[in-house]
Structures are given as C-alpha cells and as structure tokens.
Amino acid sequence: MDLEAAGGASAGHGKRWRGESWRATLLLAYQSLGVVYGDVATSPLYVYKSAFAGDDIQHSAGNEEIYGVLSFVFWTLTLITLLKYVLIVLRADDGGEGGTFALYSLICRHVRAGLLPGGGTRDELMEEDKAMGRHGERPVSRVRAVFEKYRVLQRLLLLFALLGTCMVIGDGVLTPAVSVFSAVSGLELSMEKEQHKYIELPVACAILVCLFALQHYGTHKVGFLFAPIVCIWLLCISAIGLYNIIHWDHHVYRALSPYYMYQFLKKTQTGGWMSLGGILLCVTGSEAMYADLGHFSQSSIQIAFISVVYPALVLAYMGQAAFISQHHNFESSYHIGFYVSVPESLRWPVLVIAILAAVVGSQAIITGTFSIIKQCSSLSCFPGVKIVHTSSTVHGQIYIPEINWMLMVLCLAVTIGFRDTKHLANAQGLAVITVMLVTTCLMSLVIVLCWNKSIFLALVFLLFFGTIEVLYFSASLVKFHEGAWVPITLSFIFMVVMCVWHYGTIKKYEFDVQNKVSVNWLLNLGPSLGIVRVRGIGLIHTELMSGIPAIFSHFVTNLPAFHQVLVFLCVKSVPVPHVQPEERFLVGRIGPKEYRLYRVIVRYGYRDVQKDDLEFEKELVSNIAEFIRSSGEYDKNGFMADTDKPSEKLSLVSTGIPLWEEDGDLDASVSPHKEVDPQNIAPKRKKARFMIPKSAQVDSEVRRELQELMDAREAGMSFILGHSYMKAKSGSSFIKRIVINFFYEFLRKNSRGPAYAANIPHASTLEVGMVYQV
C-alpha cells in the first residue's frame, strides 16, 4: 500500500487552484474574507482594552504607553501573521490542507513515525516502503534517523500535536465568547451605566445561543452573507481609523518604529511585560488562515490579507491610538476600547456591524473546531462522533451535533462565569499563543524533514519566532488566576480523552495483530472452509491488513454456514487529507480462486467523505470484478504470482467494471413513478450486471468467477462486525485497569461506531461479540 502515492494524489487536489485564472483567484480571495478573517478582523474590539485592563500599565500624558502598545501591535501583526503564517507556514500544506494535525501527518509520512493504528503506524509505513521498493529512495538525515530510532520521540511528537489540537478546541470555546461579548460591550457607551449592566450579559448569551442553534443549517446556507459583512466591517474600521489619525494625531505613525517598544518596556517594566497578554490578541485568528487552507488557495488567502485585511487593521489600530493619545481623563480602563474612538453619531450602526462581524468570526472558529474533531476521530485520536456534511459540494463544511452543543454549554459557562472581557481575553490569549508555539515547533521539523532544508535554517526559524512567542506565552501564563486557567483546564480534559482513546485503540489493534489466524489455517480447511457455503456476499470487517482476524475463526467455529463469497474488508483512514478515487481500493485474493476469498483495503483521507451503503457496495463489487478480470489477463500472460500459494498480493484497482442497475427491480410493491428514499432500500433489491468490455479477452474461468460474484451480489450482502469489549489482563497495574476498564469502556459505550457502520442497514448486519484482554 502506497501512502506516498496517496499523498501525491491528494497534493494534486490541494494544488487544483494553480491553473485557475486571476479572476477565479480574486473571487476566492473575496470569499475567504468571510470564512478566514472574521476572527482577526474583530480583534480591534478588545486589544487595547485588554492591554490596559487592570493595574498592569496606566495611560499617562506622555503617551509612551499607548505608542508602545501600538508599536507592539504593529510588529506582532507583521511578524507573526504576515511573515510567519502568510508567507511561510501556508506553504507547508499537506495535500492542500492545513492545521496542526496536517503538520503532524506530513511529518509522519516523511519520517515513518506514525502511531495511528490502522492509519499509518510505523511498522505499516516501513512494510509499505519495503513492498513498494522505496526503502533506499529517501535520503536519511540525522534528525530523521533519530526520530525513527527512538519511540519516545514519536510519542512526544504525537502528544505535542494533540496539545495544539486541544488548545484549538479551547479556542473554539473562548473566541465566540470574547468576540460577541466585546461587540455587545458597545452598549456601555450608548446607554446609561445602570442599564447596560443588566442588558449586556443576556444579549450576549442570546446571540451565542442563536449562533450555535443555527450551526446545523451549515455554513453554505448563509455563507453568501459572510464576505460582505467582513468587507463592510473592514471598510468601517479603516475609515474610522483614518478619520481619527487626521483629526486627532497625524503623527501617530511614529509609533510604528521599534524604538517605542523598547521605551515602553523600559518605562513600564513588569507591568508592560504582563500587558503583552492583551496585546497578543491582535493576532488571534491567524491560525484560522492555515487551518482553512483546504477551502481556498494559498494565493487567494495571501492576496486577501496583504491587500485588504492587513492595511485595514493597521489603520484601525493607529486610529484608536491617535484618539486615545489626545484623551487622558477617562474614568476607568474600559473606555480605552474600540467604541470610544467611534464618533458618537455612528456608534449604533457600528455596534450592529460589529455584532454581525463577531458572529461571522465565531462561525469560522466553530467550523474549524468541527474539522479538527473530524481529523482526530478519523485518525483514532478522538471517540467516534456523528458527522453531518452540510454541503454537497464543499466537503470541509461539516456539523457535529455533540460537539456543537458541548461548545455552546462551555461558551455560555465562561461568559456567565467571568462577565467581562478581561478574564475572557486572558484565557483566549493563552490558548492562541500555545497553538502558535506548537505550530512553530512542528514547522521547524517540516523544514528539515519534509523540505530537506538545512538544520541551521530550521533553528533560525525556531529561535526567531519561538523567542517572540515564548515572551507572549510567559505573559499569558502569569495570569493563570485571572482566567488563563480555563484553556489549561479544557485542554487537560480533552487531552485525557484523546490519550485514553488512542491508548485503548492501540491496545485493541495490538490484540488483533497478536491473535490473528494465519492464512495457512484457513487454507487447510479446504475450498468449502469446512462449512456449508450459502449464496450471498459476506463482508468481514477487520482492522488488519494481513492475516485472518480472530473474529472470523470465532464465527466459523460456532456456526456451520457462511457465504459463497467472502471479503475481508479493511476500511483504513490514512494520514493524508484526501485519497483519489482511482487509488482508494486495494484488492487481493486469499488462496486459490475456487475459495472465493478476497481481501479489500479501502483507504480514506482524514478529510474525505465516505459514501452511503448503496454507492459503497456498488463500487466495492465493481472493483473486485475488475480485479478478477485483470488478474485473469495477468495469469494468461504470466505476469502475476501463483495464487495457489498462501501468500497474498494486493493490487491497486484504478477503475472498476461498470455496473448497470435496473430501477424496475428495486421492489415489486414500489410504483416506478413514486419517489424512493435510497436509505430505505435494502441492497439485495438492486440488480447489478457487469459490463465486461468487448475488447477484453476474458476466458471461461474468469467469466465463471465474475458470474458467481454477480449472483452472490444479487442474493444479498451481509456485514459481519466485531462488537468488542475491552478488559485489562489480570495482574495489570492499577492505572491500566482504571484506564481500560472504566475510562476507555465509558468512552466506547458513549461514542458512535465507524462511519461506514452507520450506513449499513440493520437487517444486513451481524455483530460478533468478543472480549479483548489487553
């Protein structure tokens, strides 16, 4: 099995925009404004307010503090967002996809450091390289050799990627709360003080409830509104900023000099360092640019940021600083916010636009959280959840009900619990900078291991951006008691869930490998396998890519009959975002032809959409038929190994034999003019016929095998699934017993089964229970 081929094929999907015209690129750049930049575009609502919150720094008449904060905001936005993400990190796409897990899977495929069962473990990757003759193809650098040698480094790499993923989920809880509450806080300048205190919180909570309640409609239903809203918002803040610069302080541009950062830290010292946690929020949402790379092209995201978003944000921050520099007699720090710099006659319209922009920004991070959860679930690092695809054309637009309502409850909890932007901003800042640190570290490994650049260049990248981010991280962490404990707590909970699920899945996979039955045992049973072979196709699901699963021996030992055609089906999630349809199926034969035993490995990327049961069955049978036909040609010309031997040889089947379905044979009781729901039609009611190409020289033996496969398909298809129960072995440590017997079993019982199992008709499913002692 060739993961590199799959990665290369998916890379073609990711680079599908290269041939597009400039007109198409500009259209994508416009669309990206509403999906990618809603979060970073709303950061002017709370950056200055968070920087001057509390007693860390005070705004003096000399304006050193406001100029210093502006200088920090400008250079942080320039170095982190523009230089690091837009110009460098966006180039590190995994087949066109971005995000923390994309970086991890990219590294794993180049280093053979996978730890994901059934989806690219280290042993599987090495076996695949050996089988494909690629073991001498890659240059082995010193860093790569160290990672492949030490298992502990591979585990640390996975934990590091999971940490970044957990912080992204935490950001999905905090960003809607911060954005919406900051937008609603504009009521404090438009209403009397005694009134706004009782209105802000209920209004913010109501908006959040509506936001999460509308998620099931999907981004595509309201997506056409997103880009105009963000465009209007960016135009609004840039115009207000330009007005404030001209009207109040046209010399504010001097603060763009790095000298003012030095002056700021020199005067404020510890207080200025602690205020960096609020300044950091100017780059919140930068990770979304990379995470949403799969929805847009690299050039469209770069064009949108450089030409529209970046200038608008710089003008907005400069305008706020210009206004505040001329107003020193505020009663409290909350007046050093965004709305105080808005002309009084425009505050209500700006308030409405800000709330809409905050909703758009929140929508983007919520959708990004759904995508992260789906990636983790596909790679066995998160319990199974229900994934609803809300768009028939854009595969990345998904909705996960369980995660959506969990995010809503947590978001409302932190909003009601803190009731101010100070603590919410402290919490969000720590989550944002932790994800950025993880991205910097993983990116430095990509530079060495994937781009084959010098280790010196990787160290320069790591030290330069790492030093900046560590400075911000320390400033955020010091506010642990003032809200920063929230993302740490959330990340710890999600990390425990992911680690327990991953550990239990690994142990289950190892049990399957250790207890699998050899092919020789099966062949010694004879063509009939020692049992009665009845009509139909039996699909035995297994996580194994070789050998016979213990569930099959357990089944045939206790039951006297089985299907005339047996297919050992392995549905595998591989650590690449997409697998092309022509590279999805690997088909092989187990034993001689008369046994009618086949092995099929179906590969899906972590961003692929699995088909429903009818389409999947048709495609599966079609590819097996093509394998039978092509293997007959190989046998005739002497190209294929002797299949009478117990060894297996899997072949990549690029195009299956076409199937023709007769609609009249669906059901005798169904009117041909009545609409039929495909979900309610059993597979055996579909008649399929193989269209063997006339040009193909098919002998009678191959035609007989194809006919038997067709007859078995018409008789019906049954799915044999294992229903496992995990139990720690006697004598295991106390921690292992707690993890396996309680935590993992609790997660397994409350999680959904595999995605393909959800589409299987209950009448065609047979579950075989087994106890796994690990």
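In this numbering scheme, every chain counts its residues from 1 along its sequence in written order. Where totals are concerned, whole chains, interfaces and linings use all residues; where local detail is concerned, this predicted model gives features only for residues with pLDDT of at least 70, and gives and counts side-chain atom pairs only at 80 or more. Side-chain measures here rest on the full set of heavy atoms in the structure, leaving out hydrogens and waters.

Enquirer: Looking at this model, I keep getting lost on helix 20 (residues 455-477). Mind explaining?
Expert: Note that an α-helix has 3.6 residues per turn; residues three or four places apart therefore point the same way. Consider a residue and the seven residues that end there alongside the seven that start there; fitting an axis to each set, the bend is the angle between those axes. Counting from the N terminus, the helices are the DSSP runs of H or I reaching at least four residues and the strands are the DSSP runs of E reaching at least two. The principal kink in helix 20, of about 30 degrees, is found at Gly-466. Think of it in three bands: residues with accessible area under 20% of the maximum for their type are buried, residues over 50% are exposed, and the middle band is partly exposed, with areas taken using a 1.4 Å probe on protein chains only. Among the residues of helix 20, those classed as buried are Ala-458, Phe-461, Phe-465, Gly-466, Glu-469, Tyr-472, Ala-475 and Ser-476. Any two residues having at least one pair of non-hydrogen atoms within 4.5 Å are treated as being in contact. On its buried side, helix 20 packs onto helix 5 (64-86), helix 14 (270-279) and helix 19 (421-449).

Enquirer: What is the right way to read the packing of helix 13 (residues 259-268) against helix 14 from this model?
Expert: The angle between the axes and the distance between the axes are what describe a pair of packed helices. Only the stretch in contact is used when fitting a helix axis, every axis being a line fitted to C-alpha atoms; angles between N-to-C directions are given from 0 to 180 degrees. Close contact between helix 13 and helix 14 brings their axes to 5 Å; oriented N to C, the two are set at 120 degrees. If you check the angle between helix 13 and helix 14, you find them oblique. Contacts from Phe-264, Leu-265 and Thr-268 in helix 13 reach Thr-270, Gly-271, Gly-272, Trp-273 and Ser-275 in helix 14. Within the contact of helix 13 with helix 14, the residues separate by chemical class into three nonpolar, five polar and no charged. Just so you know how the angles are binned, under 35 degrees is roughly parallel, over 145 roughly antiparallel, 65 to 115 roughly perpendicular, and the rest oblique. Basically, the charged four are Asp, Glu, Lys and Arg, the nonpolar ten are Ala, Val, Leu, Ile, Met, Phe, Trp, Tyr, Cys and Pro, and anything else, Gly included, counts as polar.

Enquirer: I'm lost on the nonpolar core in this one. Help?
Expert: Across soluble globular proteins, nonpolar side chains show a tendency to be buried alongside one another. What is meant by a nonpolar core is a set of buried Ala, Val, Leu, Ile, Met, Phe, Trp, Tyr and Cys residues, joined one to another through side-chain atoms within 4.5 Å. Counting residues in hydrophobic clusters, the biggest one holds 157 residues, and the most contacted among them are Tyr-37 and Trp-233. With 17 residues, helix 19 is the largest single contributor of residues to this core. The residues contacting Trp-233, other than those within four sequence positions of it, are Ala-41, Thr-42, Leu-45, Phe-338, Val-350, Ile-353, Ala-354 and Ala-357.

Enquirer: I'm lost on the environment of Ala-625 in this one. Help?
Expert: Structurally, Ala-625 is set in helix 24 (residues 613-637). For Ala-625, a relative accessible area of 0% gives the class buried. Each C-alpha atom, one on Ala-625 and one on Val-587, is 9.9 Å from the other, the two residues being 38 residues apart in sequence.

Enquirer: What exactly am I supposed to notice about the side chain of Ser-325 here?
Expert: The topology assignment puts Ser-325 in helix 16 (residues 298-325). Identification of polar contacts relies on pairs of N or O atoms within 3.5 Å, with a donor-acceptor requirement for protein atoms, meaning one able to donate a hydrogen and the other able to accept it, and with residues adjacent in sequence counted only if both atoms are side-chain atoms. A polar side-chain atom of Ser-325 sits 3.3 Å from a polar atom in the side chain of Asp-249.

Enquirer: Quick question: what am I supposed to make of the side chain of Ser-182 here?
Expert: Relative to the elements of secondary structure, Ser-182 occurs in helix 9 (residues 151-184). Residue class for Ser-182 comes out buried when judged on its relative accessible area of 1%. Contacts of Ser-182, omitting those with residues within four sequence positions, involve Leu-45, Tyr-46, Tyr-339 and Thr-421.

Enquirer: Even after reading the chapter, I still don't get helix 2 (residues 22-35), so can you show me in this structure?
Expert: With 14 residues, helix 2 should cover 20 Å at 1.5 Å per step; its first-to-last C-alpha distance of 20 Å lies within 8% of that length. Buried within helix 2 are the following residues: Thr-25, Leu-28, Ala-29, Ser-32, Leu-33 and Gly-34. Working rule for helices: expected span equals 1.5 Å times residues minus one.

Enquirer: I keep staring at the packing of helix 5 against helix 13 and nothing clicks. Help me out?
Expert: The contact between helix 5 and helix 13 brings their axes to 8 Å, and the two run at 130 degrees. Taken as axis vectors, helix 5 and helix 13 run oblique relative to one another. The element helix 5 and its partner helix 13 pack so that their crossing is left-handed. Contact residues: helix 5 offers Glu-64, Glu-65, Tyr-67, Gly-68, Val-69, Ser-71, Phe-72 and Trp-75, while helix 13 offers Tyr-260, Met-261, Phe-264, Leu-265, Lys-267 and Thr-268. A breakdown of the residues in the contact of helix 5 with helix 13 according to their chemical character gives eight nonpolar, three polar and three charged. Helix crossings get a hand from a simple test, with the near helix turned counterclockwise from the far one by less than a right angle marking a left-handed crossing and a clockwise turn marking a right-handed one.

Enquirer: Explain a nonpolar patch on the surface here, please?
Expert: Exposure above 30% relative accessible area and no salt bridge define the residues that can form patches, which grow by joining like charges within 9 Å and nonpolar side chains of Val, Leu, Ile, Met, Phe, Trp and Tyr within 5 Å. With residues, only the protein chains shown are counted as cover, and all accessible areas are computed by Shrake-Rupley using a 1.4 Å probe. The term salt bridge refers to a pairing of a side-chain nitrogen on Lys or Arg with a carboxyl oxygen on Asp or Glu at a separation within 4 Å. A surface patch of nonpolar side chains, about 420 Å² in accessible area, is lined by Val-146, Tyr-150, Val-152, Leu-156 and Leu-159. Among the elements that make up the nonpolar patch, the one with the highest residue count is helix 9 (three residues). Residue placement: Val-146 occurs in helix 8 (residues 142-149). Classification of Val-146 by relative accessible area gives partly exposed; the value is 35%.

Enquirer: Looking at this structure, how should I read the pairing of strand 5 (residues 585-589)?
Expert: Sheet faces and side chains relate simply in a regular strand, where the side chains alternate between the two faces. Along strand 5, five of the five residues are buried, which leaves the element largely enclosed by surrounding structure. The two faces of strand 5 match: Phe-585, Val-587 and Arg-589 on one face and Leu-586 and Gly-588 on the other face are all buried. Both strand 5 and strand 6 (residues 597-605) contribute to a ladder of five bridges, which runs antiparallel. For Phe-585, the partnering residue across the bridge sits in strand 6 and is Val-602. For two strands to be treated as a pair, DSSP must find no fewer than two bridges joining them. Pairing of strand 5 with strand 7 (residues 651-653) involves three bridges; the strand directions are antiparallel.

Enquirer: Looking at this structure, how should I read the packing of aromatic side chains?
Expert: Within a pair of aromatic rings, the relevant descriptors are the distance that separates the centres and the angle that separates the planes. Ring geometry is summarised as follows: Phe, Tyr and Trp rings, the Trp one being its six-membered ring, pair when their centres sit within 6.5 Å, and such pairs are stacked at plane angles under 30 degrees, edge-to-face over 60 and tilted between the two. In this structure the tally under the stated criterion is 13 aromatic pairs. Between the aromatic rings of Phe-461 and Phe-465, the centroid separation amounts to 5.0 Å while the plane-to-plane angle is 55 degrees, which identifies the pairing as tilted. Here Phe-465 and Phe-461 lie together in helix 20, a separation of four residues that amounts to about one turn. Here Phe-461 and Phe-465 have matching classes, each one buried. A connected cluster of aromatic rings, assembled from ring pairs, spans Tyr-67, Tyr-259, Tyr-260 and Tyr-262. A cation sits over an aromatic face here: Arg-91 above Trp-451, 4.9 Å from the ring centre. Ring-over charges, as used throughout, are those where CZ of Arg or NZ of Lys falls within 6 Å of the ring centre and within 35 degrees of the ring normal.

Enquirer: Can you walk me through the environment of Tyr-85 in this structure?
Expert: With respect to the element layout, Tyr-85 can be found in helix 5. Once the C-alpha coordinates of Tyr-85 and Gln-302 are considered, the two residues, 217 residues apart in sequence, prove to be 9.5 Å apart. Dropping the residues within four chain positions of it, Tyr-85 is found in contact with Ile-80, Leu-90, Ser-286, Glu-287, Met-289, Tyr-290, Met-436 and Thr-439.

Enquirer: Any chance you could explain the pairing of strand 3 (residues 532-541) here in plain terms?
Expert: Note: strand 3 against strand 4 (residues 561-574), eight bridges, orientation parallel. Within the sheet, the bridge partner assigned to Gly-538 lies in strand 4 and is Leu-566. The pairing of strand 3 with strand 10 (residues 717-727) spans four bridges and is parallel. By the bridge assignment for strand 10, Gly-538 is matched with Ser-718.

Enquirer: Teacher, can you tell me more about the confidence of the model for the protein here?
Expert: The predicted coordinates should not be examined in detail at positions where pLDDT is low. Per-residue confidence for the protein gives a mean pLDDT of 76, with 76% of residues at or over 70. At the level of individual helices and strands, the protein shows its lowest average pLDDT in helix 1 (residues 3-14), which scores 40, and its highest in helix 20, which scores 92. Overall, residues 330-334 carries pLDDT values under 50, and its contacts beyond four positions in sequence, including any with other chains, amount to nine contacts. Note that pLDDT drops below 50 for residues 635-647; the model gives that stretch 14 contacts with residues more than four away or on any other chain. Per residue, pLDDT measures the predictor's confidence, with a range of 0 to 100.

Enquirer: Would you mind showing me how to read the pattern of salt bridges here?
Expert: Between side chains of opposite charge, a pair can form when the charged atoms approach closely. If you walk through the whole model with that rule in mind, you get eight salt bridges. Between Arg-596 and Glu-708 there is a salt bridge, and its shortest N-O distance comes to 2.9 Å. Here Arg-596 is found in the loop between strand 5 and strand 6, whereas its partner Glu-708 is found in helix 25 (residues 700-715), with 112 residues between them in sequence. Since its relative accessible area comes to 23%, Glu-708 is described here as partly exposed. Measuring nitrogen to oxygen at the nearest pair gives 3.4 Å for the salt bridge that ties Glu-617 to Arg-713. With Glu-617 in helix 24 and Arg-713 in helix 25, this residue pair connects regions lying 96 residues apart in the sequence.

Enquirer: Help me understand the environment of Leu-471 in this model?
Expert: As for its placement among the helices and strands, Leu-471 is situated in helix 20. For the pair Leu-471 and Gly-277, spaced 194 residues apart in the sequence, the C-alpha separation amounts to 9.4 Å. If near-sequence neighbours (up to four positions away) are discounted, Leu-471 is found in contact with Trp-273 and Leu-276.

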